[in-house]
Amino acid sequence: MNAMSLSHLKAVVFDWAGTVVDFGSLAPMGAFVEAFAEFDVAVTIDEARVPMGMAKRPHVAALMAMPRIAAEWQRVHGHAPDEADIDAVYDVFVPKNIAVAESFADLIPGAAETAAALRERGLKIGSTTGYTREIMAKITPRAAEQGFVADAMACTGDVPDGRPTPFLMWKVLTELQIHPAWSVVKVDDTEVGIGEGLNGGAWTVGVAVTGNVFGLSRADTAALPVDAFAERRRRAAEKLAAAGAHYVIDGVGDLLPVLAAINGRLARGERP
């Protein structure tokens, strides 16, 4: 691509876990399972993944609202889960997530190179996350060491509500002084993150293989038989497309050709 090929775009806003760091979005999963286990309620990794992308307290609330988990909580504790129970599990979860965040801060292949290419073309780099600033304080220095730095970041707690509302996106765009929203692309590996981008008026790109929906580490992904990989990839792509993603890619290393396609659509007067 030449330098003019992204001339109609102004910024790309990335999610973090599963999109630019933490291949497979693994860091929160064990923390959720362990947090519930401290209350003698078993939660599976697959269950823990369902609300991924949300702020973490709403994520806990969403898990407790699942019929099986709610019934198990009722059986163990003698009452349906309430706000106090959500707070109790969340308070146990947060330090567990903080403790492991730095260990899952390796950049996903292509993240640093894609960021460099965007900067060469004059685009701003924003980021939003369901993590708190305390958690991100463990991740951003590691990411910077590896070549990925965002110009602006919005975290859980920075705005009145998280994904799929557009408030995190709008905060980032305000800090970047970027408008209109249709000149922006949101890249995310979760369905609620795609919703965030759509509700904010941006183009959206779903990340299938490296993220939460696919849900495997880099090594486990590489070890999959060809047919199993293709089927898992297809299911992940379908979920993100059903959430409204304009495009779906395997990982951020595949983003630049999609941005060129979006740029061409903008040049023709199309809007998301």
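Anything mentioned here points back to the structure above.
So, here's what we can say about the structure. Nothing here was measured: the structure is a model prediction, and the numbers come from that model.

### Considering the environment of Pro95
Mapped onto the elements of the fold, Pro95 is located in helix H5 (residues 83-101). Here Pro95 falls in the partly exposed class, since its relative accessible area comes to 44%. Pro95 sits 39 residues away from Glu134 along the chain, and the two C-alpha atoms are 9.7 Å apart.

### Considering the sheet that holds strand E3 (residues 152-156)
Strand order across the open sheet formed by six strands is E3-E2-E1-E4-E5-E6, with parallel pairing between neighbours. Edge positions in the sheet fall to E3 and strand E6 (247-249), since each of these pairs with one other strand and no more. Neighbour-to-neighbour, the strand axes of the sheet open up by a mean angle of 20°, direction not taken into account. Bridge count for strand E2 (residues 124-132) against E3 is four bridges, and the pairing is parallel. Residue Gly126 lies in a different strand from E3, and its bridge partner there is Ala152. On top of the sheet, helix H8 (residues 167-176) reaches strand E1 (11-14), E2, E3 and strand E4 (184-188); it is set at about 155° to E3, its chief contact.

### Describing the environment of Leu63
Positionally, Leu63 belongs in helix H3 (residues 56-65). The exposure class assigned to Leu63 is buried, which follows from its relative accessible area of 0%. Between the C-alpha atoms of Leu63 and Val43, which are 20 residues apart in sequence, the distance is 8.5 Å. In this structure Leu63 touches Phe32, Phe36, Glu47, Ala48, Pro51 and Ile69, once residues within four positions along its chain are discounted.

### Quick word on the pairing of strand E5 (residues 203-207)
Across the five residues of E5, five count as buried, placing the element largely inside the fold. Residues Trp203, Val205 and Val207 point to one face of E5 and Thr204 and Gly206 to the other, with burial holding for every one of them. As judged from the four bridges shared by E4 and E5, these two strands associate in the parallel manner. Looking across to E5, one finds that Asp188 is bridged to Gly206. For the segment spanning E4, helix H9 (residues 191-199) and E5, crossover handedness is right-handed. For E5 and E6, the ladder comprises three bridges, and the chain directions are parallel. Residue pairing across strands places Val205 opposite Tyr247, the latter belonging to E6.

About the criteria used
Residues numbered from 1 in each chain as written. Predicted model: local features only at pLDDT ≥ 70, side-chain atom pairs only at ≥ 80, totals over all residues. Heavy atoms only, no water. Helix = DSSP H or I, 4+ residues; strand = E, 2+ residues; numbered from the N terminus. Buried < 20%, exposed > 50% of the residue type's maximum accessible area, 1.4 Å probe, protein only. Pairing = 2+ DSSP bridges. Axes fitted to C-alpha atoms, helices over the stretch in contact; angles between N-to-C directions. Contact = heavy atoms within 4.5 Å. Right-handed = clockwise from strand over helix to strand, strands pointing away.

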